[in-house]
Amino acid sequence: MNRRYHITTFGCQMNKADSERMAGILEEMGFEWVDTPDGADLILYNTCTIRDNAEQKVYSYLGKQAKRKQEQPDLTLVVAGCVAQQEGEALLRRVPELDLVMGPQHANRLRDLIEQVEQGNQVVATEPVHIFEDITRPRRDSEVTAWVNVIYGCNERCTYCVVPNVRGIEQSRMPAAIRAEMEELGRQGFREVTLLGQNIDAYGRDIPGSKPDGSHLHTFTDLLYHVHDVAGIERIRFATSHPRYFTERLIRACAELPKVCEHFHIPFQSGDNDVLKAMARGYTREKYLRIIDTIRRYMPDAAISADAIVGFPGETEEQFENTLRLVETVGFDQLNTAAYSPRPGTPAAVWDSQLADAVKSDRLQRLNHLVATKAAERSQRYQDRIEDVLVEDQNPKNSNQVMGRTRSNRLTFFPGDITALKGQRVAVKITDVRAFSLTGEMLEPALV
Ligand code: SAH
Ligand code: SF4
Ligand code: F3S
């Protein structure tokens, strides 16, 4: 019988993409996927450490499996991802049952690392490496939409953030490799690609060479022009954008290139200039608002989403209200909000201006309330409209319905048969709107 594996993934889209690649490697090694960790011979936790609660979750899962290993000594336990990178050897001391601790830069080396484990070693792989092009076919969760990494790592130093410590310096993939991966996806029947980077606007600045005018040889905007015509791929998305580097040229490209969807994920973190400065974000609230205005000038209907942090050290009530006002002014389609969590190895964690948990959670609640109100207002514009929906799957809560997304990334449900519609773009008349999703009915003829 084949050995069975299970991967549990925490964290962001990068981790999801890494998990799909690691699953591909394990399957190539002859492992077979099993739905629960309890039935597996190899369990891999791909972990996240962006906030303390993300990290703690991992330890509670691990504790349980470590106990099981005492009865099943041939169970292989792997911790990958950002907690692995942050804790390294310390993780082995905390959970001695672990076989392998591997940072995100080592995802493509999983085969090699497992082989070392099979020779009886306990392995820690957290040294910084050059990330090699991955030749394994990932095991993708969806048959319709796919992640494609374009740049790994982050060279920013936001004072609250662990990502540069755990993901390392920026490493861009070459445009030809990205295009080749997209062409393969197109051949396999994928319809939508999301290009990924922690700071996607930084794409290309680590690739040597420059244009005659002295600018970088490859920019993210150039990359969009380079890949936009890949056969079979009908939609292109990207995340995450950093306001510091967001250019009008990029906005123009998005408006010009028909496959690039009108959805922008541009975290602002705080609406207050002094807090932004303390965060070392490198832009002001005014600059952020100018970016949004420019996007809306080119694409009046564009959807805007973002991330924000409340309760950053020293944040006053008034400064927090500047964040509320920014949300009020922009009217986000979606906003990921979080209470500030002090992270080991980051500057802000040791400042003595930390706020009480009660203050942070009160602000979070007030912000979330406003976000839901604004998102509901933004959803109103879809009422009775005809939207181009790419069908991804069945509605997990109602098997008579399928679900997909509009170009603007609104989740949309409508009655239909998934076997006939999966991967199709359908014209859907929107009949019901909610803050973060829509319901509609398919128009005939089905194809847009
Ligand atoms: N590269 C992206 C964000 C990556 S982390 C950017 O620059 O915007 C994802 C989100 O987690 C961040 O946007 C931020 O809102 C949140 N986050 C990061 N560190 C955090 C911390 N210490 N406490 C609370 N939220 C945090
Ligand atoms: Fe973290 Fe800032 Fe880099 Fe985003 S840009 S990953 S918030 S350090
Ligand atoms: Fe978490 Fe690592 Fe992503 S810390 S948010 S999984 S980069």
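Just so it is clear, the structure is predicted and the values come from calculations on it, not from any experiment.

Peer 1: Let's hear about the overall build of the protein: which residues, and what values?
Peer 2: When helices and strands are tallied, the protein shows 14 helices and 19 strands. A compact globule built from 448 residues should have a C-alpha radius of gyration of about 22 Å, and the protein, at 22 Å, falls within 12% of that. Expressed as lengths along the three principal axes of its C-alpha atoms, the size of the protein is roughly 60 × 60 × 55 Å. Put simply, 71% of the contacts in the protein that link residues at least 6 apart link residues at least 24 apart.

Peer 1: Go over the nonpolar core, please, and point to the residues and values.
Peer 2: With 55 residues, the main nonpolar core has Met-182, Leu-195, Leu-224, Phe-238, Phe-268, Tyr-288 and Ile-295 as its most contacted residues. Beyond its immediate sequence surroundings of up to four residues, Leu-224 is in contact with Leu-195, Ile-236, Phe-238, Leu-250, Cys-254, Leu-257 and Val-260.

Peer 1: Please give an account of the site of ligand 2 that cites residues and values.
Peer 2: Every residue close to ligand 2 is listed here: Cys-154, Glu-156, Cys-158, Tyr-160, Cys-161, Val-163, Pro-164, Gln-198, His-242 and Arg-281. When its residues are assigned to classes, the shell around ligand 2 shows 6 nonpolar, 2 polar and 2 charged.

Peer 1: Can you explain helix α7 (residues 175–188)? Please cite residues and give values.
Peer 2: Residues lying three or four places apart along an α-helix face the same way, a consequence of the helix completing one turn every 3.6 residues. Its 14 residues give α7 an end-to-end C-alpha distance of 20 Å, which sits within 8% of 20 Å, the value for a rise of 1.5 Å per residue. Where α7 is concerned, the buried positions are Pro-175, Ile-178, Arg-179, Glu-181, Met-182, Leu-185 and Gly-186. In an axial view of α7, the angular spread of the buried residues amounts to 160°, which keeps them on one side of the axis. Set apart from the buried face of α7 by more than 90 degrees, the exposed residues are Ala-176 and Arg-187. Those residues of α7 that are buried lie in contact with β7 (145–149), β10 (192–196), α8 (220–227) and β11 (235–239). A positive backbone phi angle near 100° is found at Gly-189, which sits one or two residues after α7.

Peer 1: Any chance you could break down empty space enclosed by the protein for me, citing the residues and the numbers?
Peer 2: All told, the structure shown has 1 cavity of 30 Å³ or more when counted by the stated rule. Space inside the largest cavity adds up to approximately 110 Å³. If you trace the largest cavity, you find 13 residues lining it, with Asp-18, Pro-104, Ile-131, Tyr-152 and Arg-167 closest to the centre. Listing elements by their share of the lining of the largest cavity, those giving two or more residues are α1 (13–28) and β8 (151–152). Looking at which element gives the most residues to the lining of the largest cavity, the answer is α1, with 3 residues.

Peer 1: A description of unusual backbone geometry should follow, citing residues and the corresponding values.
Peer 2: The linkage connecting Ala-239 with the following residue, Thr-240, adopts the cis geometry, with an omega of 5°. Positionally, Thr-240 belongs in the loop between β11 and α9 (248–256). Positive phi values are uncommon outside glycine, yet Asn-409 reaches one of about 80°. Within the secondary structure layout, Asn-409 lies in the loop between β16 (398–405) and β17 (411–415). The exposure class of Asn-409 is partly exposed, given its relative accessible area of 22%.

Peer 1: Break down the layout of surface pockets for me, with residues and values.
Peer 2: With a probe scaled to a water molecule rolled over the atoms, the places where space remains empty come into view. Computed from the structure, the second largest pocket encloses a volume of approximately 380 Å³. As for the second largest pocket, its lining consists of 23 residues, and the residues nearest its centre are Asp-134, Thr-136, Pro-138, Arg-140 and Glu-181. Considering each element in turn, the lining of the second largest pocket owes the most residues, 5 residues, to α7. Counted by class, the lining of the second largest pocket contains 10 nonpolar, 4 polar and 9 charged residues. A domain-level breakdown of the lining of the second largest pocket finds at least three residues from each of domain 1 (4–125) and domain 2 (145–381).

Peer 1: With reference to specific residues and values, describe the sheet that holds strand β3 (residues 42–47).
Peer 2: Picture the strands of a sheet paired through backbone hydrogen bonds; they go either parallel or antiparallel. If you walk across this open sheet you meet the 6 strands as β2-β1-β3-β4-β5-β6, and the pairing is parallel. One side of each edge strand has no neighbouring strand; the edge strands of this open sheet are β2 (32–33) and β6 (123–125). Note: β3 against strand β4 (residues 76–80), 5 bridges, orientation parallel. Residue pairing in the sheet places Tyr-45 in a bridge with Val-79 of β4. Packed on one face of the sheet, α1 meets β1 (4–9), β2, β3, β4 and β5 (100–102) and runs near 175° to β1. Sheet strands touched by helix α2 (residues 52–71): β1, β3 and β4. Its angle to β3, the strand with the most contacts, is close to 165°.

Peer 1: I'd like to hear about the pairing of β3, residue by residue, with values.
Peer 2: Most of β3 is tucked away, with 6 of its 6 residues classed as buried. The two faces of β3 match: Leu-42, Leu-44 and Asn-46 on one face and Ile-43, Tyr-45 and Thr-47 on the other face are all buried. Of the strand pairs in this sheet, β1 and β3 are connected by 5 bridges, and their pairing is parallel. Residue pairing for β3: Thr-9 is matched across the bridge by Asn-46. In this view, the connection linking β3 to its parallel neighbour β4 by way of α2 has right-handed handedness.

Cut-offs used in this document
Residues numbered from 1 in each chain as written. Chains lettered and ligands numbered in written order. Predicted model: local features only at pLDDT ≥ 70, side-chain atom pairs only at ≥ 80, totals over all residues. Heavy atoms only, no water. Helix = DSSP H or I, 4+ residues; strand = E, 2+ residues; numbered from the N terminus. Rg over C-alpha atoms; globule rule 2.2 N^0.38 Å. Contact = heavy atoms within 4.5 Å. Core = buried A, V, L, I, M, F, W, Y, C linked by side-chain atoms within 4.5 Å. Buried < 20%, exposed > 50% of the residue type's maximum accessible area, 1.4 Å probe, protein only. Near = heavy atom within 4 Å. Nonpolar A, V, L, I, M, F, W, Y, C, P; charged D, E, K, R; others polar. Expected span 1.5 Å × (residues − 1). Arc of directions from axis to C-beta. 1 Å grid on protein atoms, 1.4 Å probe; cavity = no way out; pocket = protein on both sides within 12 Å on 5 of 7 lines; lining within 4 Å. Points joined across faces, edges and corners; volume = space filled by probe spheres on them. Domains from an automatic or database assignment. Pairing = 2+ DSSP bridges. Axes fitted to C-alpha atoms, helices over the stretch in contact; angles between N-to-C directions. Right-handed = clockwise from strand over helix to strand, strands pointing away.

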